[in-house]
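Reading the structure
One-letter residues, chain by chain:
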Amino acid sequence: MPNADDTAARARLIIKRDDLFMVCDERADLRPERDGAHGLYHQDTRVLSRWELVIADAAWGPAAASTLTDGSGLRSRSSCVVAGHEIAVWRRCFLQGGTCFQRLALRNRSQTAARLHLTLGYAADHADIFEVRGTKRRRRGRNSVTREADDRVALRYRALDGLELHTLLQFQPAPDELADDAARFALELAPGVRWTLFVRVTPKPAVPVPQRTFGAALHSIARQRRTQLAEWVEIESDAPRFDAAYSQACADLRMLTTQTAYGPYPYAGTPWFNTVFGRDGLIAALLTLWSTPELAHGVLQLLASCQATAEDPAHDAEPGKIVHEMRRGEMARLDEVPFARYYGSVDATPLFVLLLARYHKRTADLATVRALWPHAEAALAWIDRYGDRDGDGFVEYGTHAKAGLGNQGWKDAGDAIFHRDGALACPPIALCEVQGYVYAAKRGAARLAAALGLEDRARALDAEAELLRSRFHAAFWREDLGSWALALDGRKRPCDVAASNAGQVLLSGLAEPSQAQRVVGTLTSVDGYSGWGIRTVSRTAARYAPDAYHNGSVWPHDNALIATGLRRCGCDAWVVRLLANMVDAAMTNAERRLPELFCGDPRVAGKPPRAYPVSCCPQAWAAAAIPSLLQSALGLQWDASRAQLCFVRPRLPHGLHRLTLRRLRLGSAAADVRLCGEDDQVTVETLRGGDCIHVAVVD
């Protein structure tokens, strides 16, 4: 039997549950010398850096592994030959309640007894996630190991700030030998006999957790999975590929969603961004608001709780500003990186107000609006005072933090904002899409103020939005581009670059109809559209490269936001095309999921989009893209105040003729709806719930 260890590097698998996630290979081993990301992580710290099964004198065959549908666990199957005996190996691992539960089973498939010497090697470097990613540190804390009993060992770390961490390993049955770096077992397996080992790996928790058995924890996670599934819209169509891509997108979102003290929050992505990001959470919640408003509620509540209340230049914080990134690792706690609470995002603050307004329209939850209105007013005050640095009516950014982000829009790469000749824009920079977010935020806030009985405030906000509209078109429109400028630099010079940012302006309602059609033409031209989606910048741009992070690649969430604007402009056929593109792209992936981004090369028949080498996958707003694109294609809109669900000019993508949506929820009521037809000839039938939710079709 060939030794699989002599073949190419093993595949990478990722599982996650709340604040705990693991990156391993298909044998469920952690071997960072082969893949530097390998490890079990908790709150930005690698709490287990090595976990490797070794059987003496074994020749291993290939392994087959799969992850659970909710991404919280995995199964692995392999086999090896030891002294002529074939040994089957099964490993199962899942995360639950702050613990990593593992089960290892061996079976002797030979006709004679087999003697095995088995070792589980382990280590915990307690590296900060920024260290794992390559940041060098001058000093680190101190690691140690304590044997607590015959069946358990604690891998300890005293951080530089005095915080004591430990990772507790518990074995059942107890090993024959328990050392600082390995548990060893001497086995004799009769023919056909199965031997099983259970292991619990628990990082030091913030609060005590129940000591569950493997079976009890497995039962608990299955029960939670059923409850969670009941909260999501289920689809079924006559196009299995579409169903598979949609289902995987929802599974990825559920995997990335962490239960916090404030409700569910979609962490940005694994492995490097398993934490709160303001912009990412807000956009993921916006894209899925039609189906899971609970996600928006959790995002709004958590971000309100950590809204800045004072100026703190070292963290780019100003009163009213919404947080960009939150980290809990040692380097953040010691300010070696500024990300414990970092506020370097120009768009999270208007997006917070925008999401609150759209959440209210979706749910009619005035109690939440009333509770969060002071936070919305603080955000609006930030927009007018700190966001508009020079009083020209536009929101711009520039970093104060020494190690802060130079670019603070969603395109935050250092070379993302530039002029026609490729020269980088100088700060402070006003991005075109941010002005759209501000416009939509003020319009939405005006509706909220009216709902709260604040009529004078509502009129003032509407007037501010209208003034922004007139200023925006005068300053940003570039006739020769057929688009708005990417940005204005610190000298108020337009960045004459055709970019996808202009497509996001369309979703805000800021666009004049004639300009909107010109922008659509620019975005969907052969230079703007790759065949897989709309590129971040046109091929005519000086810094265009198909494999550039923000200068020529294709981002699924960007396309989903643009599609919202395309639908608003009446460009329905392009919405349907982008939906089909993203489904096609997802189905070229072995896991049927969309990555953070892929390269912007022109589409070639029979070839998948070229992968971006370090794309985050899964990622929350990428996972939210297909559900959002489906909403845009169907023209699905909620009016909670009237208990009404509207389908405005519904369309189905090519190859899909029947689509059933189940559990479209409004409060405690739910409706099931079926759409049939093709192109723009689609009928809508209410299967259930029509007595509580009025379903309407608008041409």
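Residues numbered from 1 in each chain as written. Predicted model: local features only at pLDDT ≥ 70, side-chain atom pairs only at ≥ 80, totals over all residues. Heavy atoms only, no water.

**Thoughts on the overall build of the chain**
The condition is simple: The helix and strand labels rest on DSSP assignments: H or I over at least four residues marks a helix, E over at least two residues marks a strand, and numbering proceeds from the N terminus. We compute the radius of gyration from the C-alpha atoms alone; for a globule the expected value is 2.2 Å times N to the 0.38, where N is the number of residues. Each residue gets one of three labels from its accessible area relative to the maximum for its type: buried under 20%, exposed over 50%, partly exposed in between, using a 1.4 Å probe on protein chains only. Working rule for contacts: check all heavy atoms of both residues, and any pair within 4.5 Å makes them a contact. Charge counting treats Lys and Arg as positive and Asp and Glu as negative, with His and both chain ends excluded. To locate a charge, the coordinates of NZ of Lys, CZ of Arg, CG of Asp or CD of Glu are taken.
Per the secondary structure count, the chain includes 16 helices and 32 strands. Relative to its length of 699 residues, the chain is compact, with a C-alpha radius of gyration of 27 Å against a globular reference of 27 Å. For the chain, the residues scored as buried account for 59% of the 699 residues in total. Put simply, of all contacts in the chain between residues at least 6 apart along the chain, 64% involve residues at least 24 apart. Taking the average place of the 85 positive charges on the side chains of the chain and the average place of its 81 negative ones, the gap between the two points comes to 3 Å.

**Here we look at the environment of Glu 26**
By the element assignment, Glu 26 lies in the loop between strand E2 (20-24) and strand E3 (39-42). With 41 residues separating them in the primary sequence, Glu 26 and Thr 67 have C-alpha atoms 9.7 Å apart.

**Considering helix H9 (residues 432-451)**
Since the α-helix packs 3.6 residues into each turn, any two residues three or four apart lie on the same face. Cut-off, in case you're wondering: Every helix has an expected span of 1.5 Å times one less than the residues it contains.
Between its first and last C-alpha atoms H9 spans 29 Å; for 20 residues at 1.5 Å apiece the expected length is 28 Å, and the two agree. Most of H9 sits out of view: 16 of its 20 residues are buried. At the exit of H9 stands Gly 453, carrying a positive phi of roughly 85°.

**Here we look at the pairing of strand E10 (residues 99-108)**
Applied cut-off: Note on pairing: DSSP must find at least two bridges between two strands before they are called paired.
Of all ten residues that make up E10, eight are buried, and the element is covered over most of its length. Of the pairings in the sheet, the one linking strand E9 (residues 85-96) to E10 comprises ten bridges and is antiparallel in character. Residue pairing in the sheet places Arg 91 in a bridge with Leu 104 of E10. Of the pairings in the sheet, the one linking E10 to strand E17 (residues 194-203) comprises eight bridges and is antiparallel in character. Following the sheet pairing, Arg 107 is matched in E17 by Arg 194.

**Brief notes about the pattern of salt bridges**
The condition is simple: We count a salt bridge whenever a side-chain nitrogen from Lys or Arg sits within 4 Å of a carboxyl oxygen from Asp or Glu.
Under the criterion given, the structure shown has 54 salt bridges. Ionic pairing is found between Asp 151 and Arg 152, a salt bridge with its closest N-O pair at 3.2 Å. Assessed through its relative accessible area of 29%, Arg 152 is described here as partly exposed. Asp 161 is the salt-bridge partner of Arg 333, the closest N and O atoms lying 2.6 Å from each other. In this pair, Arg 333 is assigned in helix H6 (residues 330-333) and Asp 161 in the loop between strand E13 (152-158) and strand E14 (164-172), connecting sequence segments 172 residues apart. Asp 161 gets classed as partly exposed once you look at its relative accessible area, which sits at 35%. Salt bridges here are not isolated pairs; linked through shared partners, they connect Glu 131, Arg 137, Arg 140, Glu 330 and Glu 336.

**Things to note about the state of the cysteines**
To be explicit about the condition: By definition, disulfides here are pairs of cysteine sulfur atoms that lie within 2.5 Å.
The tally for this structure, following the rule as stated, stands at zero disulfides. Not engaged in a disulfide, the cysteine Cys 571 finds its nearest cysteine sulfur in Cys 569; these two sulfurs lie 5.6 Å apart. When its relative accessible area of 13% is taken as the criterion, Cys 571 is described as buried.

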